[in-house]
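Letter by letter, the chains look like this.
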Amino acid sequence: MPASSQTDTEPGKSQAETALTPTAQNASIPEPAASQESKRQPASAAPAVQQAPATQQSSPRQPPATNHQPHAAQAAPESQTSGQGRAASPSPSPYPSPSPAAAVTTTAGDPAAGRLVFRKCQACHSIEAGKNMLGPSLAGVIGRKAGTEPNYNYSPAMKGADIVWNAQTLDRYLKDPASVVPGNKMPFPGLKTDHDRADVIAFLAASSGAATAPTTQQAPSPAPTPPPPVSQAPQTVTGADIGYVADAKYTLRSGIAEGRMVYIGVGGAIDGKVNPVLTAVEGQVVQLTLINGEGAEHDVVFPDQDAKSPRVTGKGASTTIAFRAARSGDFVYYCSVPGHRLAGMEGQFIVTPRAAPQTVVEADISREPGDLPPPIGKRDPQTVRVDLLSVEVEGRLAEGTTFGYWTFNGKVPGPFIRVRVGDTVEIHLKNSADSAMIHSVDFHAATGPGGGAASLQVDPGGEKSMTWKALVPGLFVYHCATPMVAEHIANGMYGMILVEPEGGLPPVDHEFYVMQGEIYSDIPYGQHGSAEFSVEKLLDERPEYFVFNG
């Protein structure tokens, strides 16, 4: 494969059916490519900041490339009208209102991992500009003052918070929203792990930066002294696309050591080493910068990976290439200028095989229809204890497809509960410490506000209990009643409770417990992969799956 190089510069869900026979039925990397050369002074050979490309010249056979993956340290893009790129002038932005582009540099999380964390938020928030849902749009949230997104009805607490959202303020708020802005209406306990917060902030920052970077550009102004060295975008496209995120980065400098021409490692574990051993994992993108250290013409070639840099001439000149390590094995790299390889410019490049992909663990969340307690029959009223555990799991939805279920006791539907009229029901609800959401339970058989939901809103890792008396016989649904209630139900948090009459029910041959549910997945029916909940489809009442018992 060709190398690339660049210059260094409640919604009807519980249509529950319980058959009490016969009495009742109730988230790739694009191939990088680009090249150019530029001369540097020796003191400015090492790259400092990478600048994103805006417009680029390309050969007639190649379309202009764009960088699809924003880097944490990228500057705002700048139009290039000649063969030379220039660094954008920094734009002042007084604290505490940093520009969105600048705010991107403050996060250290992984935007790709943050996209997965954002699943916990997407039922209420969108990253599409102007698209307010239960919560305000988070497009461009970095640098925005709290309570100012147009056309959204904020709580008085949020309007008066006087907070500008940046990496630090978002981190504090996401850790414990209720304590940072008391009285705000977001029913979310917060993200309790540092890496989850860092990742989702990086995701929001990347989204904000991509949307707002063009608005922060300024025309470069002449300066009496040369600007500090920057790693600029390539002007000549030699491959399909220059957008990439490097997995392994190396810098080599040509030089003389031990009486021969050599490559000398710069920075990291290879610093100062002669013809250092370079390593990568099969499939990784490798970025290598070559600096001319003594003035002679040089390049670097990885023949087994079909990668070759442009030649650099003159002390301080440099070039950067990027390629994918397509094959595993023990290979070499060398200078292809005649005689230089024999003179000593050759090193080892080891590519280790890619690890076997991990098998996706998918929980079996489907409850067997025969999984229900026996009839109560005739007995005196008593106290019945019911223990419920809310668990969020990745469960099997269909062949090759999983879904993020929210469950009572790890199954859909939740356990079948059986009591008789006059019983006192003692409910204990525990929310798993691994849960991302607050969970609760609302019993339609209970007489009281919200079926007990007001008393049973449980944070992750917490436990609450309540008692109520079964007064009316019948078959009733119970479900989670934490906002957004429809989302919690659609994701699997529902079940049935049977309140038998005083004398019990007539005997039957068999009893079955079956409930229908709808799955509102973001991917179409039949598509394989990990499906996420789609609030848009729920609001449009367009489920992708109709299921029985999960």
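Above this text sits the structure in question.
Quick caveat: nothing in here was measured; it's all calculated off a predicted structure.

Looking only at helices and strands, the protein features eight helices and 27 strands. Taken across its 550 residues, the protein has 49% of its residues classed as buried.

For the rest of this paragraph, the subject is the sheet that holds strand E19 (residues 417-420). Strand pairing in a sheet relies on backbone hydrogen bonds. The paired strands run either parallel or antiparallel. One open sheet holds the four strands; their spatial order is E19-E24-E23-E21, and the pairing between them is mixed. Edge positions in the sheet fall to E19 and strand E21 (442-443), since each has one partner strand and no second. Across two bridges, E21 lies against strand E23 (residues 474-479) in antiparallel orientation. Each bridged residue has a counterpart across the sheet, and for Asp442 the counterpart in E23 is His479.

Our next topic: the sheet that holds strand E22 (residues 463-469). Pairing in this open sheet of five strands is mixed, and the strands run E22-E20-E17-E18-E26 from one edge to the other. Every other strand in the sheet has two partners, leaving E22 and strand E26 (529-531) as the edge strands with one partner each. Across the sheet, the mean angle separating the axes of adjacent strands is 25 degrees when strand polarity is ignored. Note that strand E17 (residues 383-398) and strand E18 (residues 401-408) share eight bridges and pair antiparallel. Bridge assignment links Val391 to a residue of E18, and that residue is Thr407.

With that settled, consider the nonpolar core. Membership of the largest hydrophobic core comes to 52 residues, with the highest contact counts inside it found for Ile427, Val441, Phe443, Trp468 and Ile497. Residues contacting Trp468, with those up to four places away along its chain left out, are Asp423, Thr424, Val425, Ile427, Phe443, Ala445, Ala446 and Ile497. Phe403, Met515, Ile519 and Leu538 belong to the second largest nonpolar core, which has 29 residues in total.

With the exception of glycine, most residues fall at negative phi, and the peptide bonds are largely trans. Following Val412, the chain continues to Pro413 via a peptide bond in cis, the omega torsion being -5 degrees. With respect to the element layout, Pro413 can be found in the loop between E18 and E19. Along the chain, Pro483 connects to Met484 via a cis peptide bond; the corresponding omega equals -5 degrees. Looking at the element boundaries, Met484 is found in the loop between E23 and helix H7 (485-490). With a phi close to 55 degrees, Asp306 is a non-glycine residue in the positive phi region. Here Asp306 shows up in the loop between strand E12 (301-302) and strand E13 (307-308). On the basis of relative accessible area, Asp306 is assigned to the partly exposed category, the value being 45%. Look at Asn549: it is not a glycine, yet its phi comes out positive at around 55 degrees. You can see Asn549 is positioned in the segment after strand E27 (545-548). Here Asn549 falls in the buried class, since its relative accessible area comes to 4%.

What follows covers the side chain of Thr401. Following the sequence through the fold, Thr401 ends up in strand E18. Residues in contact with Thr401, not counting those within four places in the same chain, are Gly395, Arg396, Ile523, Gln527, His528, Gly529, Ala531 and Tyr545.

Here the focus is the pattern of salt bridges. Counted according to the given criterion, the structure contains 19 salt bridges. Between Lys145 and Asp162 there is a salt bridge, with the nearest N and O atoms lying 3.7 Å from each other. Of this pair, Lys145 sits in the loop between helix H2 (111-117) and helix H3 (156-159) while Asp162 is found in the loop between H3 and helix H4 (167-175), placing the two residues 17 residues apart along the sequence. By relative accessible area, Lys145 is classed as partly exposed at 40%. On the basis of relative accessibility, which here comes to 60%, the residue Asp162 falls in the exposed class. A salt bridge links Arg197 to Asp171; the nearest nitrogen and oxygen atoms lie 2.8 Å apart. With Arg197 in helix H6 (residues 194-212) and Asp171 in helix H4, this residue pair connects regions lying 26 residues apart in the sequence. Look at Arg197 and you get buried, because its relative accessible area is 2%. The partly exposed category is assigned to Asp171, whose relative accessible area is 26%.

Conventions we followed
Residues numbered from 1 in each chain as written. Predicted model: local features only at pLDDT ≥ 70, side-chain atom pairs only at ≥ 80, totals over all residues. Heavy atoms only, no water. Helix = DSSP H or I, 4+ residues; strand = E, 2+ residues; numbered from the N terminus. Buried < 20%, exposed > 50% of the residue type's maximum accessible area, 1.4 Å probe, protein only. Pairing = 2+ DSSP bridges. Axes fitted to C-alpha atoms, helices over the stretch in contact; angles between N-to-C directions. Core = buried A, V, L, I, M, F, W, Y, C linked by side-chain atoms within 4.5 Å. Contact = heavy atoms within 4.5 Å. Salt bridge = Lys/Arg side-chain N within 4 Å of Asp/Glu carboxyl O.

Take it as geometry only, folks, not as evidence of what the structure does.
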